[in-house]
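# Examination of the molecular architecture
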Amino acid sequence: MMIVVPAAKAKFLLPKDEWNFALSEEWPVAWMGNLELKLDNMVQTPNKMSLAKAWVPYILVALFLVLSRIPELGINTMLKSVTFSISNLFDYQTIRQKVDEDRIFTDKATTLAYGTDASFYRLIPKIVIQSFSVEEVSFLIKEANEMGLPITFRAAGTSLSGQAITDSILILTARHWTGNTVLEEGKKITL
């Protein structure tokens, strides 16, 4: 904070130029393409935020962190007592009926191992499932949709941009999805 606050006051790392775009009615036709904008109900006003208002979330987080270090307040103890169980997050019993338990992983070592790919990002999944068939994947998508939980698919985990990691449900497709043939420039696939 001793570095950040003076840097912000000195407007360090702020853009030197302010870009003021023309109203959309004045834009060249080439900018619009085939997009139809309905700006009747929208009022175009400059979005200026004071520096103090912009810093409020950071100050609150810093205050919370400081207060959580004071043992007499008990905030740290309260935070450590909060746990999330996979059974609360996802209907684990329903999954076991359709997916062999040997292909469902919730332990810390396995989820940590699948929490990264070839990129330098890391998100630890809550559950890792090795899918065996299209029917299983369809079932898992339906269950996750009912729970409102996102799914991420992972094949070899060679992504350099973090597409194969999640902090929710990770479905592995590398082991049981071999021997497929892509035909007609990707329009068909044989399973």
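Residues numbered from 1 in each chain as written. Predicted model: local features only at pLDDT ≥ 70, side-chain atom pairs only at ≥ 80, totals over all residues. Heavy atoms only, no water.

Side-chain alternation along strand 4 (residues 169-172) places I169 and I171 on one buried face and L170 and L172 on a second face that is also buried. Taken together, the four bridges between strand 2 (residues 127-130) and strand 4 define a ladder with parallel strand orientation. When the bridges of strand 4 are listed, I129 appears paired with I171. As paired elements, strand 3 (residues 151-154) and strand 4 share four bridges and run parallel to each other. In the strand pairing of strand 4, I151 is matched with I169. (Buried < 20%, exposed > 50% of the residue type's maximum accessible area, 1.4 Å probe, protein only. Helix = DSSP H or I, 4+ residues; strand = E, 2+ residues; numbered from the N terminus. Pairing = 2+ DSSP bridges.)

Turning our attention to the packing of aromatic side chains. All chains considered together, the criterion is met by two aromatic pairs. Across from the ring centre of F139, 5.5 Å away, lies the NZ or CZ of K98, which sits over that ring. (Phe/Tyr/Trp six-rings, centres within 6.5 Å; stacked < 30°, edge-to-face > 60°. Lys NZ or Arg CZ within 6 Å of the ring centre and 35° of its normal.)

Another aspect to go through is the nonpolar core. Y92, I95, V99, I104, I127, I129, F139, L140, A144, L149, I169 and I171 together form the largest nonpolar core, which totals 12 residues. Where this core is concerned, the elements lending two or more residues are helix 6 (92-98), strand 2, helix 8 (134-147) and strand 4. For this core, the leading source of residues is helix 8, giving three residues. Each residue touching I171, except ones within four places of it in the same chain, is listed here: I129, S131, L140, I151, T152, F153 and R154. (Core = buried A, V, L, I, M, F, W, Y, C linked by side-chain atoms within 4.5 Å. Contact = heavy atoms within 4.5 Å.)

With respect to the element layout, T110 can be found in helix 7 (residues 108-113). In this structure the side chain of T110 is engaged in a polar contact, spanning 2.9 Å, whose partner is the side chain of D107. (Polar contact = N/O pair within 3.5 Å; in protein donor to acceptor, adjacent residues only side chain to side chain.)

For the rest of this paragraph, the subject is the sheet that holds strand 4. Remark on secondary structure: sheet strands pair via backbone hydrogen bonds, oriented parallel or antiparallel. What the four strands build is an open sheet, ordered 1-2-4-3; its pairing is mixed. Pairing within the sheet leaves two strands with one partner each, and these edge strands are strand 1 (104-105) and strand 3. Bridge count for strand 1 against strand 2 is two bridges, and the pairing is antiparallel. Each bridged residue has a counterpart across the sheet, and for I104 the counterpart in strand 2 is I129. The sheet strands contacting helix 8 are strand 2, strand 3 and strand 4, and the helix crosses strand 3 at an angle near 155 degrees. (Axes fitted to C-alpha atoms, helices over the stretch in contact; angles between N-to-C directions.)

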